[in-house]
Amino acid sequence: MTTLPPSDARYRIGAVARMTGVSTHALRAWERRYGTLQPVRTPAGDRLYTDADVDRVRLLKALIGYGYAISDLANLAASDLSRMLNEHRAVPVTGVPADEIARRYVDAIEAMDLEGAERVLARASSSLGPGRFIRDVIVPVLRSVGQLWEQGTLCVAQEHVASTLVRDHIGALLRSHSSRAFARRTVIATTPAGELHELGALMAAVVAAIRGCRTVYLGPSLPAAEIANAAKLSGAELVLLSCVSDDDSSLSDELVELARALPASTRVLLGGRAAPPSEALPRGMERVDSLDELERRLSS
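Overview of the structure. Just so you know, these numbers come straight off a predicted model, no measurement behind them.

Rules of the game
Residues numbered from 1 in each chain as written. Predicted model: local features only at pLDDT ≥ 70, side-chain atom pairs only at ≥ 80, totals over all residues. Heavy atoms only, no water. Helix = DSSP H or I, 4+ residues; strand = E, 2+ residues; numbered from the N terminus. Contact = heavy atoms within 4.5 Å. Axes fitted to C-alpha atoms, helices over the stretch in contact; angles between N-to-C directions. Parallel < 35°, antiparallel > 145°, perpendicular 65-115°, else oblique. Left-handed = near helix turned anticlockwise from the far one by under 90°. Nonpolar A, V, L, I, M, F, W, Y, C, P; charged D, E, K, R; others polar. Disulfide = S-S within 2.5 Å. Core = buried A, V, L, I, M, F, W, Y, C linked by side-chain atoms within 4.5 Å. Buried < 20%, exposed > 50% of the residue type's maximum accessible area, 1.4 Å probe, protein only. Arc of directions from axis to C-beta.

**Re the environment of Ile227**
Structurally, Ile227 can be placed in helix α11 (residues 224-234). In sequence terms Ile227 and Pro192 are 35 residues apart; their C-alpha atoms lie 8.4 Å from each other. With residues up to four places along the chain from it excluded, the contact list for Ile227 reads Ile188, Thr190, Thr191, Leu222, Val239, Leu241 and Leu258.

**Let's talk about the packing of helix α8 (residues 130-151) against helix α9 (residues 156-177)**
Here α8 crosses α9 at 165°, and the two axes come no closer than 10 Å. Between α8 and α9, the angle falls in the class roughly antiparallel. Our pair here, α8 against α9, has a crossing hand that is left-handed. Contacts from Pro130, Phe133, Ile134, Ile138, Val141, Leu142, Val145 and Trp149 in α8 reach Val156, Glu159, Ala162, Val166, His169, Ile170, Leu173 and His177 in α9. Taken together, the residues that form the contact of α8 with α9 break down as 13 nonpolar, two polar and one charged.

**Some remarks on the state of the cysteines**
What the rule picks out here adds up to zero disulfides. Counting only cysteine sulfurs, Cys213 is the nearest neighbor of Cys243, a cysteine outside any disulfide, at a range of 19 Å.

**Focus: the nonpolar core**
Among the nonpolar cores identified, the biggest contains 45 residues, and Tyr105, Ile170 and Leu240 are the most heavily contacted of them. With nine residues, the top contributor of residues to this core is helix α10 (residues 199-210). The residues touching Leu240, leaving out its near neighbours within four places in the chain, are Val187, Ile188, Ala189, Thr190, Ala204, Ala208, Leu269 and Leu294. By size, the runner-up hydrophobic cluster in this structure holds 22 residues, among which are Tyr11, Leu37, Val54 and Leu81.

**Quick look at helix α12 (residues 251-261)**
Residues Leu251, Glu254, Leu255 and Leu258 constitute the buried set of α12. Seen end-on, α12 carries its buried residues on one side only, within an arc spanning 95°. In α12, the exposed positions that point more than 90 degrees away from the buried face belong to Asp253 and Arg260. Looking at the buried residues of α12, the elements they touch are α11, β6 (238-242), β7 (267-271) and β8 (285-287).

Shown next, in the form of structure tokens:
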């Protein structure tokens, strides 16, 4: 263990995990097996990490996404890690059309090549900023997967695997951008009761996080009363709802109940193909038709 002034080491292991998308289990293993991290210990035995440690973890995670093993990276200096990552980014995915990235991903899913599918997403995520990764890669990927599943080209298992890998990557993006101690507004994201498709809400949460909001993701399928309670407890001024299922007959009732239960200062933005038009929504609710529109609303 190194000895640093307390002010230099301020992040506990859970905070580092949320900021980087690397689990606490992996962080401990990297320290124990390879010594690549050397956190300070508090008198109570808790680990404290510096900003440099957080940056190092992010570099390691990005390079592992390119196929490196942690054992090959553990003892390299941060400058070497940065150089290696820049070399990979020098062959950008930005020049590859979104439909081609989606095709490569689907090809890997059809072959049940999960490592190959992971590499497609990891390279795109590392080469693009989070906003472009969501808009230019994830949205087309999900569209392609959905179309192929409806056509019967993908079986249920393949569709589930494709969605699970995408969810993991979006979740990691959210964790790495959700530390906003001085954010000016709090946003919560979820889906209404009965709506189990959560990827739209997760993508909306990432967009809010990268726009500087303190973002609380609640998971899918929450009753109106629980959404309203979460908004009150967190002080959220905005609720983001994703509505995808066309056969959800209870949506209208849930929205009316939510409008009644929320504080008057809390607005609701709904997205997804099943979201009603703004003129059909209760007061305080509006429909957004794209992630780009959501980003504009959050920036205004």
